[in-house]
Every structure is written in C-alpha cells, then in structure tokens.
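# Commentary on secondary and tertiary structure
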Amino acid sequence: MPSQQRIILIGAHPDDCEWKAGGCAAKWADAGCRVKFLAATGGDNGHPVLAGGALQKLRRTEAEES
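Summarised in this report is the structure supplied together with it.

This part takes up the overall build of the chain. Helices and strands together make up the secondary structure of the chain, namely 2 helices and 2 strands. The N-to-C order of helical and strand elements in the chain reads β-α-β-α. By the compact-globule yardstick of 11 Å for 66 residues, the chain is too spread out, its C-alpha radius of gyration being 14 Å. With respect to the principal axes defined by its C-alpha atoms, the chain has extents near 50 × 15 × 15 Å. The proportion of buried residues among the 66 residues of the chain is 18%. For the chain, restricting intrachain contacts to residue pairs at least 6 apart in sequence, the fraction spanning at least 24 positions comes to 52%. For the chain, the computed accessible surface area is about 5200 Å², with 55% contributed by carbon and sulfur atoms. For the chain, the distance from the average site of its 8 positive side-chain charges to the average site of its 8 negative ones is 7 Å.

Written as structure tokens, this is what we have:
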C-alpha cells in the first residue's frame, strides 16, 4: 500500500500560504495528499488599525475558517 504524500507550505505571515498557494493546496488535498500550512509569525503586526493580540486572534480565526 503506497504511503500518503504529505505537503507543508511555509509562509512568513498568516495568509501567505492561502494567497500564494491555496489553489495548489486544494488540488493536492483533492488528490489525497495531506496538506498543512505553517506561518512563521503570529501575525500581530502589519494592519493599518489593529495590532497585538486582537490582530493575531483575528488572523488565526480567519486561517482556521479558510
């Protein structure tokens, strides 16, 4: 029995993987691969209005929902 292929996509920020490789990830998942996204930062900066824990929580929720 062949082993299931595993793919990890690594981005610097939350949503990098979704924006840059979301379509590929969906195709791989449909083909039976196990796909995971990894963000190297928590995403608590870089927004024009929010920052800190509130922004990090928002970005985590968005990533989980996607």
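Before going further, it helps to examine the nonpolar core. With 6 residues, the main nonpolar core is built from Ile 7, Leu 9, Cys 17, Ala 21, Ala 25 and Cys 33. At the level of secondary structure, the elements contributing two or more residues to this core comprise β1 (6-11) and α1 (16-30). By residue number, the principal contributor to this core is α1, which donates 3 residues. Sequence-distant contacts of Ile 7, defined by excluding residues within four places in its chain, comprise Trp 28, Cys 33, Arg 34, Val 35 and Lys 36.

Before going further, it helps to examine the side chain of Arg 59. Of note, Arg 59 is situated in helix α2 (residues 52-65). Buried and unpaired, Arg 59 has no salt bridge, with Asp 15 as the nearest side chain of opposite charge at 5.4 Å. Engagement of the side chain of Arg 59 in a polar contact is seen with the backbone oxygen of Asn 45, the distance being 2.8 Å. Among all residues touching Arg 59, those that are not within four sequence positions of it are Pro 14, Gly 43, Asp 44, Asn 45, Gly 46 and His 47.

The rules behind the values
Just so you know, the residues in each chain are numbered from 1, in the order the chain's sequence is written. Given that this is a predicted model, residues contribute local features only at a pLDDT of at least 70 and side-chain atom pairs are listed and counted only at 80 or more, while totals for whole chains, interfaces and linings are drawn from all residues. To obtain the side-chain values, all non-hydrogen atoms of the structure were used and water was disregarded. Helix numbers and strand numbers start at the N terminus; a helix is a DSSP run of H or I with at least 4 residues, a strand a run of E with at least 2. As a reference, a globule follows 2.2 Å times the number of residues to the power 0.38, and the radius of gyration itself is taken over C-alpha atoms. Partly exposed describes any residue whose relative accessible area lies between the buried limit of under 20% and the exposed limit of over 50%, with all areas from a 1.4 Å probe on protein chains only and scaled to the type maximum. In this description, contact between two residues means that some pair of their heavy atoms is separated by no more than 4.5 Å. All accessible areas in this document rest on Shrake-Rupley with a 1.4 Å probe, and a residue is counted as covered only by the protein chains that are shown. Two residue types count as positive, namely Lys and Arg, and two as negative, namely Asp and Glu; His and chain ends fall outside the count. By convention, charge coordinates are those of NZ in Lys, CZ in Arg, CG in Asp, or CD in Glu. Note on terminology: a nonpolar core comprises buried Ala, Val, Leu, Ile, Met, Phe, Trp, Tyr and Cys residues joined through side-chain atoms within 4.5 Å. For salt bridges, the criterion is a side-chain nitrogen of Lys or Arg within 4 Å of an Asp or Glu carboxyl oxygen. Nitrogen and oxygen atoms within 3.5 Å of one another constitute a polar contact, given that in protein one can donate a hydrogen and the other can accept it, and given that sequence-neighbouring residues count only through two side-chain atoms.

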